[in-house]
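Notes for the structure review
The residues making up each chain are set out below.
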Amino acid sequence: MSESINDFSSPNQEKESETDFKLILYKYLQYWYVLAISLAISIFAAYYFNWYSPPVYSVESKLLIKDDKTNPNLDLINELSGVSSTMRNIQNEIEIISSYDIIHKALQQLNFDVSYFLEGNIKTSELYKKSPIKIEYDTLYYSAYVNAVSIKIIDTTNFQLSFENKITGDKFHKTYKFNEQIENELGHLSVKKEEVFNFSVFNNPAYDKRNLVIKFQKNEDLISIYKEKLKIEIARKGSSILTLSLEDNEPEKAADFLNMLTKVYVDYGIEQKNQLTSNSLLFINEQLSVIKKELKAIEDSIQEYKIYNGITDVSTETAFYLEQVGVFDQKLSEIDIQLSFIDYLENYIQQGKQVNNVSPSSIGINDALLLNLINRLSELENEKKGLISFTTADNPLIATIDQKINNTRVSLLENIRSIKEGLTLSRNGVKQKIAELEKRQNKLPDAEYELIRFQRQFATNENLYLILLAKQSENAILLASTVSDNAVIEKAKPNKSPIKPIKSRSYAVAIVLGLFIPSIFIYGYDLLNDKIMSRIDLNNTTSIPLIGVVNFNSFESNTITIDKPKSSISEAF
(Lines give C-alpha, C1' and ligand atoms only; values in the text may rest on other atoms or scores of the structure.)
Protein backbone atom coordinates (compact mmCIF):
# COMPACT_ATOMS: atom_id res chain seq x y z
CA MET A 1 0.00 0.00 0.00
CA SER A 2 2.81 2.41 0.95
CA GLU A 3 4.49 1.82 -2.38
CA SER A 4 1.32 2.73 -4.31
CA ILE A 5 0.92 5.93 -2.32
CA ASN A 6 4.51 6.96 -3.07
CA ASP A 7 4.08 6.18 -6.71
CA PHE A 8 0.87 8.21 -6.78
CA SER A 9 2.40 11.29 -5.08
CA SER A 10 5.59 11.52 -7.16
CA PRO A 11 4.06 12.97 -10.37
CA ASN A 12 2.16 15.55 -8.34
CA GLN A 13 5.40 16.64 -6.65
CA GLU A 14 7.11 16.98 -10.00
CA LYS A 15 4.13 18.90 -11.39
CA GLU A 16 4.00 21.17 -8.37
CA SER A 17 7.77 21.77 -8.59
CA GLU A 18 7.43 22.61 -12.30
CA THR A 19 4.54 24.95 -11.51
CA ASP A 20 6.61 26.66 -8.78
CA PHE A 21 9.46 27.31 -11.17
CA LYS A 22 7.14 28.80 -13.79
CA LEU A 23 5.49 30.92 -11.15
CA ILE A 24 8.83 32.24 -9.88
CA LEU A 25 9.95 33.04 -13.42
CA TYR A 26 6.62 34.76 -14.06
CA LYS A 27 7.03 36.88 -10.92
CA TYR A 28 10.41 38.16 -12.10
CA LEU A 29 9.23 38.72 -15.67
CA GLN A 30 6.46 40.91 -14.28
CA TYR A 31 9.23 43.40 -13.42
CA TRP A 32 11.15 43.09 -16.70
CA TYR A 33 11.34 46.86 -17.05
CA VAL A 34 13.14 47.11 -13.67
CA LEU A 35 15.63 44.46 -14.78
CA ALA A 36 16.11 46.21 -18.12
CA ILE A 37 16.71 49.63 -16.53
CA SER A 38 19.11 48.17 -13.94
CA LEU A 39 21.02 46.28 -16.66
CA ALA A 40 21.29 49.40 -18.84
CA ILE A 41 22.57 51.47 -15.90
CA SER A 42 25.17 48.86 -14.90
CA ILE A 43 26.45 48.46 -18.49
CA PHE A 44 26.73 52.24 -18.82
CA ALA A 45 28.58 52.36 -15.47
CA ALA A 46 30.97 49.64 -16.73
CA TYR A 47 31.56 51.59 -19.95
CA TYR A 48 32.26 54.77 -17.97
CA PHE A 49 34.55 52.88 -15.57
CA ASN A 50 36.55 51.37 -18.47
CA TRP A 51 36.85 54.75 -20.15
CA TYR A 52 37.59 56.87 -17.06
CA SER A 53 39.91 54.55 -15.12
CA PRO A 54 43.55 54.98 -16.15
CA PRO A 55 44.73 51.69 -17.68
CA VAL A 56 47.52 49.82 -15.90
CA TYR A 57 50.03 47.86 -17.97
CA SER A 58 52.50 45.21 -16.85
CA VAL A 59 55.94 45.16 -18.52
CA GLU A 60 58.60 42.45 -18.05
CA SER A 61 62.30 41.98 -18.66
CA LYS A 62 64.56 38.96 -18.04
CA LEU A 63 68.12 38.80 -16.74
CA LEU A 64 70.57 35.90 -16.68
CA ILE A 65 72.56 35.90 -13.43
CA LYS A 66 76.01 34.32 -13.17
CA ASP A 67 75.94 31.10 -11.14
CA ASP A 68 78.74 31.97 -8.74
CA LYS A 69 80.30 28.89 -7.17
CA THR A 70 81.60 29.52 -3.69
CA ASN A 71 84.89 28.25 -2.30
CA PRO A 72 84.66 24.72 -0.84
CA ASN A 73 86.01 26.10 2.44
CA LEU A 74 82.71 28.00 2.86
CA ASP A 75 80.56 24.84 2.94
CA LEU A 76 80.19 25.06 6.73
CA ILE A 77 78.70 28.55 6.47
CA ASN A 78 76.36 27.40 3.69
CA GLU A 79 75.11 24.55 5.88
CA LEU A 80 74.63 26.78 8.93
CA SER A 81 72.77 29.44 6.98
CA GLY A 82 70.49 26.88 5.31
CA VAL A 83 70.78 28.70 1.96
CA SER A 84 72.53 27.28 -1.10
CA SER A 85 75.38 29.30 -2.58
CA THR A 86 73.52 29.71 -5.89
CA MET A 87 70.37 30.95 -4.17
CA ARG A 88 72.38 33.32 -1.97
CA ASN A 89 74.14 34.74 -5.01
CA ILE A 90 70.81 35.33 -6.78
CA GLN A 91 69.35 36.96 -3.66
CA ASN A 92 72.40 39.20 -3.48
CA GLU A 93 71.93 40.21 -7.13
CA ILE A 94 68.24 40.97 -6.49
CA GLU A 95 69.28 43.30 -3.67
CA ILE A 96 71.82 44.99 -5.95
CA ILE A 97 69.31 45.49 -8.79
CA SER A 98 66.71 47.00 -6.46
CA SER A 99 69.26 49.06 -4.51
CA TYR A 100 69.03 52.83 -4.18
CA ASP A 101 72.20 53.51 -6.17
CA ILE A 102 71.29 51.36 -9.20
CA ILE A 103 67.75 52.80 -9.45
CA HIS A 104 69.15 56.30 -8.95
CA LYS A 105 71.63 55.87 -11.81
CA ALA A 106 68.87 54.56 -14.08
CA LEU A 107 66.52 57.45 -13.30
CA GLN A 108 69.30 60.01 -13.81
CA GLN A 109 69.50 58.99 -17.46
CA LEU A 110 65.73 58.95 -18.05
CA ASN A 111 64.66 62.45 -16.95
CA PHE A 112 61.49 61.27 -15.22
CA ASP A 113 61.64 64.25 -12.85
CA VAL A 114 59.27 66.25 -15.08
CA SER A 115 55.99 64.65 -16.20
CA TYR A 116 53.53 66.14 -18.68
CA PHE A 117 49.76 65.53 -18.64
CA LEU A 118 46.96 66.54 -20.98
CA GLU A 119 44.03 67.97 -19.00
CA GLY A 120 40.64 66.99 -20.45
CA ASN A 121 37.10 67.81 -19.39
CA ILE A 122 36.77 64.62 -17.38
CA LYS A 123 40.14 62.89 -17.13
CA THR A 124 43.84 63.73 -17.31
CA SER A 125 46.26 61.48 -19.20
CA GLU A 126 50.05 61.45 -19.29
CA LEU A 127 51.89 62.55 -22.43
CA TYR A 128 55.03 60.46 -22.21
CA LYS A 129 57.24 61.37 -25.19
CA LYS A 130 54.19 63.06 -26.78
CA SER A 131 54.27 66.41 -25.03
CA PRO A 132 54.40 69.49 -27.32
CA ILE A 133 56.66 71.26 -24.80
CA LYS A 134 59.74 70.53 -22.74
CA ILE A 135 60.72 72.23 -19.49
CA GLU A 136 64.37 72.87 -18.69
CA TYR A 137 65.40 74.23 -15.31
CA ASP A 138 68.49 75.35 -13.43
CA THR A 139 66.90 75.55 -9.98
CA LEU A 140 63.55 74.42 -8.60
CA TYR A 141 62.09 75.66 -5.32
CA TYR A 142 59.86 73.81 -2.87
CA SER A 143 56.71 75.27 -4.49
CA ALA A 144 57.41 73.43 -7.73
CA TYR A 145 57.18 70.04 -6.03
CA VAL A 146 54.03 70.65 -3.96
CA ASN A 147 51.86 72.73 -6.31
CA ALA A 148 50.07 71.63 -9.48
CA VAL A 149 51.48 73.69 -12.36
CA SER A 150 49.23 74.38 -15.35
CA ILE A 151 50.35 75.56 -18.76
CA LYS A 152 47.88 76.74 -21.37
CA ILE A 153 49.39 77.09 -24.85
CA ILE A 154 47.90 80.24 -26.39
CA ASP A 155 49.57 80.13 -29.80
CA THR A 156 52.89 79.28 -31.41
CA THR A 157 54.65 82.03 -29.45
CA ASN A 158 52.93 82.47 -26.08
CA PHE A 159 51.71 80.35 -23.21
CA GLN A 160 50.10 81.01 -19.84
CA LEU A 161 51.65 79.54 -16.68
CA SER A 162 49.48 79.28 -13.57
CA PHE A 163 49.46 77.58 -10.20
CA GLU A 164 47.95 78.00 -6.76
CA ASN A 165 50.22 78.12 -3.74
CA LYS A 166 48.83 75.53 -1.33
CA ILE A 167 50.56 77.16 1.63
CA THR A 168 49.55 80.82 1.13
CA GLY A 169 46.51 80.26 -1.08
CA ASP A 170 47.80 82.84 -3.59
CA LYS A 171 47.06 82.27 -7.26
CA PHE A 172 49.65 82.93 -9.94
CA HIS A 173 48.85 83.65 -13.62
CA LYS A 174 51.27 85.05 -16.12
CA THR A 175 51.87 84.87 -19.86
CA TYR A 176 55.35 84.07 -21.15
CA LYS A 177 57.04 83.41 -24.45
CA PHE A 178 58.61 80.10 -25.36
CA ASN A 179 62.39 79.85 -24.66
CA GLU A 180 62.11 82.82 -22.29
CA GLN A 181 64.04 82.57 -19.01
CA ILE A 182 61.48 82.46 -16.19
CA GLU A 183 62.10 83.29 -12.55
CA ASN A 184 59.22 82.98 -10.07
CA GLU A 185 58.13 81.00 -7.01
CA LEU A 186 58.74 77.75 -8.90
CA GLY A 187 62.41 78.49 -9.62
CA HIS A 188 64.60 79.33 -12.64
CA LEU A 189 63.26 77.56 -15.74
CA SER A 190 62.29 77.90 -19.39
CA VAL A 191 59.62 76.29 -21.55
CA LYS A 192 60.73 75.10 -24.98
CA LYS A 193 58.79 73.79 -27.95
CA GLU A 194 59.33 70.23 -29.12
CA GLU A 195 60.36 70.59 -32.76
CA VAL A 196 58.72 67.31 -33.81
CA PHE A 197 55.30 68.65 -32.79
CA ASN A 198 53.21 70.64 -35.29
CA PHE A 199 52.67 73.85 -33.33
CA SER A 200 50.55 75.48 -36.03
CA VAL A 201 47.48 73.67 -34.63
CA PHE A 202 47.53 76.03 -31.63
CA ASN A 203 46.72 78.97 -33.90
CA ASN A 204 43.31 77.39 -34.44
CA PRO A 205 40.94 78.66 -31.66
CA ALA A 206 38.86 75.47 -31.97
CA TYR A 207 41.79 73.25 -31.01
CA ASP A 208 41.11 72.22 -27.40
CA LYS A 209 44.14 70.08 -26.50
CA ARG A 210 46.15 73.02 -25.20
CA ASN A 211 45.78 72.67 -21.41
CA LEU A 212 48.70 70.83 -19.81
CA VAL A 213 49.52 69.90 -16.23
CA ILE A 214 53.17 69.69 -15.20
CA LYS A 215 54.34 67.57 -12.30
CA PHE A 216 57.83 67.96 -10.81
CA GLN A 217 59.24 65.17 -8.63
CA LYS A 218 62.35 64.96 -6.50
CA ASN A 219 64.87 62.21 -7.20
CA GLU A 220 64.33 60.75 -3.74
CA ASP A 221 60.58 60.48 -4.31
CA LEU A 222 61.05 58.92 -7.75
CA ILE A 223 63.48 56.35 -6.38
CA SER A 224 61.01 55.38 -3.64
CA ILE A 225 58.16 55.09 -6.17
CA TYR A 226 60.05 52.86 -8.59
CA LYS A 227 61.67 50.85 -5.80
CA GLU A 228 58.16 50.00 -4.58
CA LYS A 229 56.81 49.33 -8.08
CA LEU A 230 59.68 47.09 -9.14
CA LYS A 231 59.10 43.36 -8.67
CA ILE A 232 61.91 40.83 -9.10
CA GLU A 233 61.27 37.10 -9.07
CA ILE A 234 63.17 33.96 -10.01
CA ALA A 235 61.77 32.79 -13.36
CA ARG A 236 61.43 29.22 -12.16
CA LYS A 237 62.79 27.06 -9.38
CA GLY A 238 66.40 26.05 -9.87
CA SER A 239 67.14 28.61 -12.59
CA SER A 240 69.35 31.68 -12.35
CA ILE A 241 67.10 33.81 -14.56
CA LEU A 242 65.34 36.76 -12.95
CA THR A 243 62.07 38.26 -14.16
CA LEU A 244 61.81 42.00 -13.58
CA SER A 245 58.29 43.40 -13.83
CA LEU A 246 56.73 46.82 -13.42
CA GLU A 247 53.15 48.08 -13.49
CA ASP A 248 52.52 51.58 -14.83
CA ASN A 249 49.90 53.67 -16.63
CA GLU A 250 52.39 54.25 -19.44
CA PRO A 251 53.75 50.96 -20.87
CA GLU A 252 56.48 52.71 -22.87
CA LYS A 253 57.68 54.53 -19.77
CA ALA A 254 57.79 51.29 -17.78
CA ALA A 255 59.71 49.56 -20.59
CA ASP A 256 62.24 52.41 -20.78
CA PHE A 257 62.82 52.22 -17.04
CA LEU A 258 63.35 48.44 -17.01
CA ASN A 259 65.70 48.57 -20.01
CA MET A 260 67.74 51.37 -18.45
CA LEU A 261 67.79 49.60 -15.07
CA THR A 262 69.12 46.37 -16.60
CA LYS A 263 71.69 48.31 -18.63
CA VAL A 264 72.93 50.13 -15.52
CA TYR A 265 73.08 46.83 -13.64
CA VAL A 266 75.09 45.09 -16.39
CA ASP A 267 77.43 48.11 -16.59
CA TYR A 268 77.80 47.94 -12.81
CA GLY A 269 79.01 44.35 -13.15
CA ILE A 270 81.61 45.47 -15.71
CA GLU A 271 82.71 48.32 -13.44
CA GLN A 272 83.16 45.89 -10.55
CA LYS A 273 85.35 43.62 -12.67
CA ASN A 274 87.28 46.60 -14.03
CA GLN A 275 88.17 47.83 -10.54
CA LEU A 276 91.06 45.36 -10.50
CA THR A 277 92.46 46.63 -13.76
CA SER A 278 91.61 50.28 -13.03
CA ASN A 279 93.54 50.27 -9.75
CA SER A 280 96.52 48.63 -11.44
CA LEU A 281 96.37 51.24 -14.20
CA LEU A 282 96.20 53.99 -11.60
CA PHE A 283 99.40 52.70 -9.97
CA ILE A 284 101.13 52.32 -13.37
CA ASN A 285 100.12 55.81 -14.53
CA GLU A 286 101.44 57.38 -11.34
CA GLN A 287 104.77 55.63 -11.80
CA LEU A 288 104.94 56.59 -15.49
CA SER A 289 104.33 60.24 -14.66
CA VAL A 290 107.23 60.29 -12.18
CA ILE A 291 109.64 58.41 -14.47
CA LYS A 292 108.80 60.57 -17.46
CA LYS A 293 109.87 63.69 -15.56
CA GLU A 294 113.08 61.97 -14.44
CA LEU A 295 113.90 60.89 -18.02
CA LYS A 296 113.49 64.43 -19.27
CA ALA A 297 115.75 65.79 -16.53
CA ILE A 298 118.49 63.15 -17.19
CA GLU A 299 118.27 63.69 -20.95
CA ASP A 300 118.82 67.43 -20.46
CA SER A 301 121.78 66.73 -18.15
CA ILE A 302 123.40 64.39 -20.74
CA GLN A 303 123.00 66.98 -23.48
CA GLU A 304 124.49 69.75 -21.36
CA TYR A 305 127.41 67.53 -20.30
CA LYS A 306 128.23 66.57 -23.92
CA ILE A 307 128.16 70.19 -25.05
CA TYR A 308 130.29 71.37 -22.12
CA ASN A 309 132.93 68.60 -22.60
CA GLY A 310 132.75 68.52 -26.39
CA ILE A 311 131.82 64.83 -26.53
CA THR A 312 129.90 63.69 -29.62
CA ASP A 313 129.90 59.91 -29.05
CA VAL A 314 131.18 57.33 -26.58
CA SER A 315 134.02 54.90 -27.34
CA THR A 316 133.51 51.25 -28.29
CA GLU A 317 134.71 50.14 -24.85
CA THR A 318 132.23 52.41 -23.12
CA ALA A 319 129.37 51.19 -25.34
CA PHE A 320 130.25 47.55 -24.55
CA TYR A 321 130.27 48.33 -20.83
CA LEU A 322 126.89 50.06 -21.05
CA GLU A 323 125.43 47.10 -22.91
CA GLN A 324 126.56 44.63 -20.25
CA VAL A 325 125.48 46.69 -17.29
CA GLY A 326 122.20 47.54 -19.03
CA VAL A 327 120.99 43.92 -18.77
CA PHE A 328 121.34 43.98 -14.99
CA ASP A 329 119.88 47.49 -14.75
CA GLN A 330 116.74 46.21 -16.52
CA LYS A 331 116.43 43.31 -14.06
CA LEU A 332 116.87 45.77 -11.22
CA SER A 333 114.09 47.96 -12.66
CA GLU A 334 111.69 45.02 -12.85
CA ILE A 335 112.40 44.09 -9.24
CA ASP A 336 111.97 47.70 -8.13
CA ILE A 337 108.53 47.83 -9.80
CA GLN A 338 107.46 44.66 -8.02
CA LEU A 339 108.75 45.94 -4.69
CA SER A 340 106.86 49.21 -5.16
CA PHE A 341 103.64 47.33 -5.87
CA ILE A 342 104.20 44.99 -2.90
CA ASP A 343 104.57 48.04 -0.62
CA TYR A 344 101.41 49.50 -2.19
CA LEU A 345 99.55 46.20 -1.64
CA GLU A 346 100.74 45.93 1.96
CA ASN A 347 99.49 49.43 2.79
CA TYR A 348 96.22 48.68 0.98
CA ILE A 349 95.52 45.62 3.12
CA GLN A 350 96.66 47.25 6.37
CA GLN A 351 94.11 50.02 5.74
CA GLY A 352 91.34 47.39 5.60
CA LYS A 353 90.40 47.97 1.95
CA GLN A 354 88.72 45.22 -0.06
CA VAL A 355 91.29 43.12 -1.90
CA ASN A 356 89.01 42.44 -4.86
CA ASN A 357 90.20 45.85 -6.06
CA VAL A 358 93.85 44.78 -6.55
CA SER A 359 95.50 42.44 -9.06
CA PRO A 360 99.19 41.59 -8.46
CA SER A 361 99.37 39.47 -11.63
CA SER A 362 98.73 42.59 -13.73
CA ILE A 363 102.07 43.99 -12.55
CA GLY A 364 104.03 40.75 -12.98
CA ILE A 365 103.78 39.21 -9.49
CA ASN A 366 102.53 35.66 -10.04
CA ASP A 367 103.14 34.10 -6.64
CA ALA A 368 100.55 31.27 -6.42
CA LEU A 369 100.07 31.53 -2.64
CA LEU A 370 99.60 35.31 -2.82
CA LEU A 371 96.96 35.03 -5.54
CA ASN A 372 95.14 32.23 -3.69
CA LEU A 373 95.07 34.23 -0.45
CA ILE A 374 93.75 37.32 -2.25
CA ASN A 375 91.02 35.24 -3.92
CA ARG A 376 90.19 33.61 -0.60
CA LEU A 377 89.91 36.98 1.16
CA SER A 378 87.84 38.39 -1.69
CA GLU A 379 85.40 35.47 -1.46
CA LEU A 380 85.07 35.89 2.30
CA GLU A 381 84.40 39.62 1.94
CA ASN A 382 81.73 38.96 -0.72
CA GLU A 383 80.26 36.24 1.49
CA LYS A 384 79.99 38.66 4.38
CA LYS A 385 78.40 41.28 2.16
CA GLY A 386 75.85 38.73 1.00
CA LEU A 387 75.01 37.58 4.53
CA ILE A 388 74.54 41.13 5.79
CA SER A 389 71.91 41.71 3.09
CA PHE A 390 69.51 39.27 4.77
CA THR A 391 70.71 39.04 8.37
CA THR A 392 71.83 41.30 11.22
CA ALA A 393 75.39 42.26 12.12
CA ASP A 394 75.21 40.41 15.47
CA ASN A 395 74.46 37.08 13.78
CA PRO A 396 76.98 34.37 14.83
CA LEU A 397 77.61 33.67 11.13
CA ILE A 398 78.98 37.20 10.72
CA ALA A 399 81.29 36.74 13.70
CA THR A 400 82.54 33.46 12.23
CA ILE A 401 83.25 34.97 8.84
CA ASP A 402 84.90 38.04 10.42
CA GLN A 403 87.31 35.72 12.23
CA LYS A 404 88.16 33.97 8.97
CA ILE A 405 88.71 37.35 7.27
CA ASN A 406 91.11 38.45 10.01
CA ASN A 407 93.04 35.16 9.86
CA THR A 408 93.31 35.38 6.07
CA ARG A 409 94.52 39.00 6.29
CA VAL A 410 97.25 37.95 8.73
CA SER A 411 98.34 35.11 6.41
CA LEU A 412 98.29 37.49 3.45
CA LEU A 413 100.47 40.06 5.19
CA GLU A 414 102.95 37.33 6.21
CA ASN A 415 103.09 36.13 2.61
CA ILE A 416 103.66 39.70 1.39
CA ARG A 417 106.58 40.13 3.81
CA SER A 418 108.01 36.81 2.59
CA ILE A 419 107.75 37.94 -1.06
CA LYS A 420 109.31 41.28 -0.14
CA GLU A 421 112.28 39.51 1.50
CA GLY A 422 112.73 37.32 -1.59
CA LEU A 423 112.61 40.34 -3.93
CA THR A 424 115.06 42.22 -1.70
CA LEU A 425 117.52 39.31 -1.85
CA SER A 426 117.19 39.17 -5.64
CA ARG A 427 117.73 42.92 -5.81
CA ASN A 428 120.90 42.66 -3.70
CA GLY A 429 122.19 39.88 -5.98
CA VAL A 430 121.66 42.01 -9.09
CA LYS A 431 123.30 45.02 -7.42
CA GLN A 432 126.32 42.87 -6.61
CA LYS A 433 126.65 41.93 -10.31
CA ILE A 434 126.39 45.61 -11.21
CA ALA A 435 129.05 46.49 -8.62
CA GLU A 436 131.46 44.00 -10.23
CA LEU A 437 130.91 45.62 -13.61
CA GLU A 438 131.32 49.09 -12.13
CA LYS A 439 134.92 48.26 -11.14
CA ARG A 440 135.75 48.43 -14.86
CA GLN A 441 134.53 52.03 -14.95
CA ASN A 442 137.88 53.24 -13.52
CA LYS A 443 139.65 52.10 -16.71
CA LEU A 444 137.45 54.29 -18.93
CA PRO A 445 138.53 57.77 -20.14
CA ASP A 446 137.92 60.53 -17.56
CA ALA A 447 135.69 62.55 -19.90
CA GLU A 448 133.35 59.61 -20.37
CA TYR A 449 133.26 58.59 -16.70
CA GLU A 450 130.54 61.08 -15.70
CA LEU A 451 128.70 60.60 -19.00
CA ILE A 452 128.39 56.86 -18.28
CA ARG A 453 126.73 57.64 -14.97
CA PHE A 454 124.16 59.82 -16.70
CA GLN A 455 123.58 57.33 -19.49
CA ARG A 456 123.17 54.41 -17.10
CA GLN A 457 120.67 56.38 -15.09
CA PHE A 458 118.81 57.26 -18.28
CA ALA A 459 118.86 53.64 -19.54
CA THR A 460 117.59 52.33 -16.19
CA ASN A 461 114.67 54.75 -16.16
CA GLU A 462 114.00 54.13 -19.84
CA ASN A 463 113.79 50.37 -19.24
CA LEU A 464 111.49 50.98 -16.32
CA TYR A 465 109.35 53.28 -18.46
CA LEU A 466 109.08 50.71 -21.27
CA ILE A 467 108.13 47.95 -18.83
CA LEU A 468 105.39 50.10 -17.37
CA LEU A 469 104.17 51.08 -20.84
CA ALA A 470 103.84 47.41 -21.75
CA LYS A 471 101.89 46.74 -18.54
CA GLN A 472 99.74 49.79 -19.24
CA SER A 473 98.85 48.46 -22.70
CA GLU A 474 98.04 45.01 -21.32
CA ASN A 475 95.73 46.45 -18.67
CA ALA A 476 94.11 48.84 -21.16
CA ILE A 477 93.28 45.89 -23.43
CA LEU A 478 91.82 44.01 -20.46
CA LEU A 479 89.79 47.08 -19.53
CA ALA A 480 88.39 47.43 -23.05
CA SER A 481 87.55 43.73 -23.44
CA THR A 482 85.80 43.22 -20.11
CA VAL A 483 82.28 41.83 -20.39
CA SER A 484 79.71 41.31 -17.68
CA ASP A 485 78.92 37.82 -16.39
CA ASN A 486 75.24 38.84 -16.25
CA ALA A 487 73.24 39.51 -19.39
CA VAL A 488 69.84 40.75 -20.53
CA ILE A 489 68.16 37.85 -22.32
CA GLU A 490 64.83 39.59 -22.90
CA LYS A 491 64.41 43.34 -23.17
CA ALA A 492 61.28 45.01 -21.86
CA LYS A 493 58.68 45.82 -24.52
CA PRO A 494 55.57 48.00 -24.09
CA ASN A 495 52.52 45.81 -23.53
CA LYS A 496 49.46 47.19 -25.34
CA SER A 497 46.97 45.07 -23.36
CA PRO A 498 46.21 46.52 -19.92
CA ILE A 499 45.98 44.22 -16.92
CA LYS A 500 43.33 46.50 -15.44
CA PRO A 501 40.67 47.47 -16.08
CA ILE A 502 39.80 44.45 -18.24
CA LYS A 503 36.81 45.53 -20.35
CA SER A 504 35.24 42.08 -20.73
CA ARG A 505 35.48 41.45 -16.98
CA SER A 506 33.96 44.85 -16.20
CA TYR A 507 30.99 44.17 -18.48
CA ALA A 508 30.54 40.67 -17.08
CA VAL A 509 30.45 42.01 -13.52
CA ALA A 510 28.07 44.76 -14.63
CA ILE A 511 25.64 42.26 -16.19
CA VAL A 512 25.71 40.04 -13.09
CA LEU A 513 25.15 42.97 -10.72
CA GLY A 514 22.59 44.54 -13.05
CA LEU A 515 20.44 41.41 -12.80
CA PHE A 516 21.28 40.33 -9.26
CA ILE A 517 20.59 43.56 -7.38
CA PRO A 518 17.00 44.14 -8.71
CA SER A 519 16.34 40.40 -8.31
CA ILE A 520 17.15 40.74 -4.61
CA PHE A 521 14.69 43.62 -4.28
CA ILE A 522 11.98 41.69 -6.20
CA TYR A 523 12.53 38.66 -3.97
CA GLY A 524 12.36 40.82 -0.85
CA TYR A 525 9.20 42.53 -2.03
CA ASP A 526 7.57 39.17 -2.75
CA LEU A 527 8.69 37.83 0.62
CA LEU A 528 7.05 40.72 2.46
CA ASN A 529 3.86 40.63 0.35
CA ASP A 530 0.97 39.11 2.44
CA LYS A 531 -1.63 39.05 -0.35
CA ILE A 532 -3.02 35.87 -1.96
CA MET A 533 -1.35 35.87 -5.33
CA SER A 534 -1.55 32.22 -6.45
CA ARG A 535 -2.95 28.73 -5.85
CA ILE A 536 0.23 27.89 -3.94
CA ASP A 537 -0.46 30.69 -1.47
CA LEU A 538 -3.90 29.16 -0.74
CA ASN A 539 -2.48 25.67 -0.28
CA ASN A 540 0.16 27.06 2.12
CA THR A 541 -2.32 29.03 4.24
CA THR A 542 -5.29 26.62 4.53
CA SER A 543 -6.05 22.92 4.69
CA ILE A 544 -9.48 23.30 3.02
CA PRO A 545 -9.67 21.35 -0.26
CA LEU A 546 -9.33 23.59 -3.29
CA ILE A 547 -11.92 22.93 -6.05
CA GLY A 548 -10.89 25.62 -8.53
CA VAL A 549 -9.35 29.02 -9.03
CA VAL A 550 -10.82 32.12 -10.66
CA ASN A 551 -8.21 34.71 -11.65
CA PHE A 552 -8.48 38.46 -11.11
CA ASN A 553 -10.64 40.17 -13.72
CA SER A 554 -8.44 42.58 -15.68
CA PHE A 555 -11.29 43.62 -17.95
CA GLU A 556 -13.57 46.59 -17.20
CA SER A 557 -16.73 44.60 -17.88
CA ASN A 558 -18.59 43.05 -14.94
CA THR A 559 -20.40 40.58 -17.23
CA ILE A 560 -17.23 38.99 -18.47
CA THR A 561 -18.78 35.57 -19.17
CA ILE A 562 -21.20 37.20 -21.58
CA ASP A 563 -18.85 39.75 -23.16
CA LYS A 564 -15.77 37.49 -23.28
CA PRO A 565 -17.06 33.91 -23.30
CA LYS A 566 -13.77 32.48 -24.57
CA SER A 567 -11.48 34.26 -22.11
CA SER A 568 -9.51 32.35 -19.43
CA ILE A 569 -11.58 33.84 -16.62
CA SER A 570 -14.85 32.72 -18.32
CA GLU A 571 -13.34 29.24 -18.62
CA ALA A 572 -12.52 29.35 -14.91
CA PHE A 573 -16.10 30.21 -14.01
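In this text the structure is predicted, and so the values were computed from the model without any measurement. (Residues numbered from 1 in each chain as written. Predicted model: local features only at pLDDT ≥ 70, side-chain atom pairs only at ≥ 80, totals over all residues. Heavy atoms only, no water.)

**Remarks on the sheet that holds strand β12 (residues 241-248)**
So the rule is basically this: At least two bridges found by DSSP between two strands is the condition for calling them paired. Per the convention used, a helix needs a DSSP run of H or I reaching at least four residues, while a strand needs a run of E reaching at least two, with both numbered from the N terminus. With axes taken as lines fitted to C-alpha atoms, and helix axes fitted only over the stretch in contact, angles between N-to-C directions fall between 0 and 180 degrees. Only heavy atoms enter the contact rule, under which two residues are in contact if any of them lie within 4.5 Å.
Spatially, four strands are ordered β11-β12-β1-β13 in an open sheet, and the strand pairing comes out antiparallel. Because the sheet does not close on itself, it has two edges, and the strands there are β11 (231-234) and β13 (487-490). Across this sheet, the average inter-strand angle for adjacent strands is 30 degrees, counted without regard to direction. Two elements, β11 and β12, share four bridges in a ladder whose sense is antiparallel. For Lys231, the partnering residue across the bridge sits in β12 and is Ser245. The strands touched by helix α7 (residues 219-229) within the sheet are β11 and β12, with β12 carrying the most contacts at an inclination of about 120 degrees.

**Re the confidence of the model for the protein chain**
For clarity, the threshold we go by: Each residue gets a pLDDT score, which is the predictor's confidence in that residue and runs from 0 to 100.
Taken as a whole, the protein chain shows an average pLDDT of 77; of its residues, 77% reach a score of 70 or greater. In the predicted structure, residues 1-19 sits below a pLDDT of 50 and forms zero contacts with residues beyond four places in sequence or in another chain.

**Observations concerning the packing of helix α5 (residues 100-108) against α7**
Going by this rule: Convention used here: angles under 35 degrees read as roughly parallel, angles over 145 as roughly antiparallel, angles from 65 to 115 as roughly perpendicular, and any remaining angle as oblique. Crossing handedness is defined as follows: a turn of the near helix away from the far one that is anticlockwise and smaller than a right angle gives a left-handed crossing, while the clockwise case is right-handed.
With their axes 10 Å apart at the nearest point, α5 and α7 run at an angle of 115 degrees to one another. Between α5 and α7, the interaxial angle falls into the category roughly perpendicular. Here α5 and α7 pass one another in a crossing that is right-handed. Where α5 approaches α7, its residues Tyr100, Ile103, His104 and Leu107 are matched on the opposing element by Asn219, Glu220, Leu222, Ile223, Tyr226 and Lys227.

**Looking at helix α13 (residues 503-528)**
Selection rule: Residue count minus one, scaled by 1.5 Å, sets the expected span of a helix. The rule is simple: take the accessible area with a 1.4 Å probe, protein chains only, and divide by the maximum for that residue type; under 20% is buried, over 50% is exposed, in between is partly exposed.
An ideal rise of 1.5 Å per residue puts 38 Å on 26 residues; α13 measures up with 38 Å between its terminal C-alpha atoms. Within α13 the residues assigned to the buried category are Ser506, Ala510, Gly514, Pro518 and Ile522.

**Quick look at the side chain of Asn147**
Relative to the assigned elements, Asn147 resides in the loop between α6 (142-146) and β5 (149-153). Sequence-distant contacts of Asn147, defined by excluding residues within four places in its chain, comprise Phe163, Glu164, Asn165 and Lys166.

**Describing unusual backbone geometry**
Cis geometry is adopted by the peptide bond preceding Pro501, which originates at Lys500 and carries an omega value of -5 degrees. In this structure, Pro501 sits in the loop between β13 and α13. One non-glycine residue, Asn111, lies in the positive phi region at around 55 degrees. Locating Asn111 in the fold gives a position in the loop between α5 and β2 (114-119). The exposure class assigned to Asn111 is exposed, which follows from its relative accessible area of 57%. In the Ramachandran plot, Asn179 falls in the positive-phi region, its phi being about 70 degrees despite a non-glycine side chain. By relative accessible area, which is 46% here, Asn179 ends up partly exposed.

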